[in-house]
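So the chains spell out like this:
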Amino acid sequence: ATAASAGEVVARGQELVDAGRLDEAAALLAGHLRRSPRDADAHLLLSTVRFLDGDTERGRESLERALELDPTLRQGWLNRAALDLSERRLEPALEALYRARDLDPSATDNALNIGAVLVLQGRLAEASEQFRDYLAETGDTAEAYLLVASNFAMAGYSALAIQHLGRAIEIDERIRRRARTDPNFRALAGELEFQQLLDHDGYLPPPGSLTARQTFDAAYDGGRGRLLQAVLNVLQVSGRSFDPQVEVTAGWSLLWSDFRIKVLPESPGTGAVELTAPPGRFTPAEWERQTGVFFREVAVELARMKRPF
């Protein structure tokens, strides 16, 4: 096959993999490799197909063949490292990651990947240095702090995991919701500091933010009461865009639409809804109108929910 047609075959194979059509992708790549047995990219993609299909042994064979034919395949070395990690072969995984780094020294994932293996080896000082480099290269983003926290958690360094997760939440509070369901943090479930971090809403509106609050004759009841459901119903039927993932705790719930929505208990039998918008999102007049409409819609929905059917 020509170089152009070989590239087209691999591209088509990737499309089939992305669509979950693994059998078709395997057949396409196998047929192509019978004609062009030295196509390293095709061997690499075939290894991915086999790994996804649960055939680890043949997947490793295809991966090794791809790297033998073209040792400059950075993705191949990354895949090799992942495979070694899955088998707890830490030193070969680290060597593969160093090969990947040599092929692209500027790639931002180098430090994160290498740090992840070093921390599993118990080489904490070296791992921490790699993670610091990674955070600096990524601009100290919430996602970066979350990934570092996840690696510390998996290696059993709970204090460092909680410290970095806390910083991630400071940058973007939605990270807290992700941490609740991330299996990498499961080992921290019994840690008091971890639970306190998840239960604490430390959000401080930026200067100039717009806020509004209203109390309703409906209990919060740990998120099981009518108030949170009424707010959700209003968002669903109003046509407003909103994040369907809700963060629910015993003391409050958070939702995000054009504004931040917090639902919480007030006095016994009542609850409150607090709305916050960042500076510049609305004019004061628009804010007054938007919040007034929203609160009225919640009140109407609560009344509807009380009516017998």
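Residues numbered from 1 in each chain as written. Predicted model: local features only at pLDDT ≥ 70, side-chain atom pairs only at ≥ 80, totals over all residues. Heavy atoms only, no water.

## Here we look at the sheet that holds strand 1 (residues 210–216)
Rules: Here, any two strands with at least 2 DSSP bridges between them count as paired. Secondary structure elements follow DSSP: runs of H or I of four or more residues count as helices, runs of E of two or more count as strands, with numbering from the N terminus. Only heavy atoms matter for contacts: two residues are in contact if any of them lie within 4.5 Å across the pair. Note on geometry: axes are lines fitted to C-alpha atoms, helical ones only across the stretch in contact, with angles between N-to-C directions running from 0 to 180 degrees.
As summarised here, the arrangement of the five strands in space is 1-5-4-3-2, forming an open sheet in which the pairing is antiparallel. A strand with exactly one partner marks an edge of an open sheet, and here the two such strands are strand 1 and strand 2 (247–248). Pairing analysis gives six bridges linking strand 4 (residues 260–265) to strand 5 (residues 271–277), with the strands arranged antiparallel. In the sheet register, Ile261 faces strand 5, and the bridge partner there is Leu275. Running at roughly 160° to strand 4, helix 13 (residues 226–238) makes contact with strand 1, strand 2, strand 3 (253–256), strand 4 and strand 5 of the sheet.

## Remarks on the packing of helix 10 (residues 158–171) against helix 12 (residues 192–199)
For any two helices packed against each other, the geometry comes down to the angle between their axes and how far apart the axes lie. Our working definition: An angle counts as roughly parallel when it lies under 35 degrees, as roughly antiparallel when it exceeds 145, as roughly perpendicular when it falls between 65 and 115, and as oblique in every other case. Each residue is assigned to one of three groups, with Ala, Val, Leu, Ile, Met, Phe, Trp, Tyr, Cys and Pro labelled nonpolar, Asp, Glu, Lys and Arg labelled charged, and all others, Gly among them, labelled polar.
It is the contact of helix 10 with helix 12, at a shortest axis distance of 11 Å, that shows an interaxial angle of 5°. By the angle between their directions, the pair helix 10 and helix 12 is classed as roughly parallel. Residue-level contacts link Ile162, Leu165, Gly166 and Ile169 of helix 10 to Glu193, Phe194 and Leu197 of helix 12. By residue class, the composition of the contact of helix 10 with helix 12 is five nonpolar, one polar and one charged.

## Focus: the confidence of the model for the protein chain
Quick reminder of the rule: Confidence scores here are pLDDT values: one per residue, from the predictor, ranging 0 to 100.
In this model, the protein chain carries an average pLDDT of 94, and 98% of its residues clear a pLDDT of 70 or more. The least confident element of the protein chain is helix 1 (residues 3–18), whose mean pLDDT is 86; the most confident is helix 6 (residues 90–103), at 98.

## Structural notes on the nonpolar core
Cut-off, in case you're wondering: Note on terminology: a nonpolar core comprises buried Ala, Val, Leu, Ile, Met, Phe, Trp, Tyr and Cys residues joined through side-chain atoms within 4.5 Å. Classification of residues uses two cut-offs on accessible area relative to the type maximum, computed with a 1.4 Å probe and protein chains only: under 20% is buried, over 50% is exposed, and between them is partly exposed.
If you look at the biggest cluster of nonpolar residues, it comprises 46 residues, and the most contacted ones within it are Phe131, Val148, Leu165, Ile175, Phe185, Leu188 and Phe194. No other element matches the eight residues that helix 9 (residues 142–154) contributes to this core. Among the nonpolar cores identified, the runner-up in size contains 25 residues, and Leu235, Leu255, Val273 and Phe282 belong to it.

## Topic: helix 9
Heads up, the condition is: For a helix, the expected span equals 1.5 Å multiplied by the number of residues minus one.
Taking 1.5 Å as the rise per residue, helix 9 with 13 residues should run 18 Å; its terminal C-alpha atoms sit 18 Å apart, in good agreement. Summarising burial for helix 9: ten of the 13 residues are buried, a large majority. Those residues of helix 9 that are buried are in contact with helix 7 (109–120), helix 8 (124–137), helix 10 and helix 11 (174–181). Remark: Gly156 follows helix 9 within two positions and exhibits a positive phi of approximately 90°.

## Details of the environment of Arg176
Take Arg176: it is sitting in helix 11. A residue is classified by how much of its surface remains accessible, and Arg176, at 1% relative accessible area, is buried. Other than its neighbours up to four places away in sequence, Arg176 contacts Ile169, Leu197, Leu198, His200, Asp201, Glu247, Trp252 and Leu254.

## Here's the deal with the packing of aromatic side chains
Filter applied, for reference: Any two of the Phe, Tyr and Trp rings considered here, Trp counted by its six-membered ring, make a pair once their centres fall within 6.5 Å; the pair's planes then place it as stacked at under 30 degrees, edge-to-face at over 60, or tilted in between.
A full pass over the atoms with the stated rule returns nine aromatic pairs. Here the aromatic rings of Phe259 and Phe282 are separated by 6.4 Å at their centres, their planes lie at 45°, and the arrangement is tilted. In this pair, Phe259 sits in the loop between strand 3 and strand 4 while Phe282 sits in the loop between strand 5 and helix 14 (284–306), placing the two residues 23 residues apart along the sequence. For the residue pair Phe259 and Phe282, the accessibility class agrees, reading buried in each case. Counting every residue linked through ring pairs, the aromatic cluster contains Phe216, Phe259, Phe282, Trp287, Phe294 and Phe295.

## With respect to the pairing of strand 4
By the criterion of burial, strand 4 is predominantly enclosed, with five of the six residues buried. By the bridge criterion, four bridges tie strand 3 to strand 4 in an arrangement that is antiparallel. Residue pairing across strands places Leu255 opposite Ile261, the latter belonging to strand 4. Where strand 4 folds back onto strand 5 in an antiparallel hairpin, the turn is made up of five residues, including Gly269, whose phi is positive at roughly 85°.

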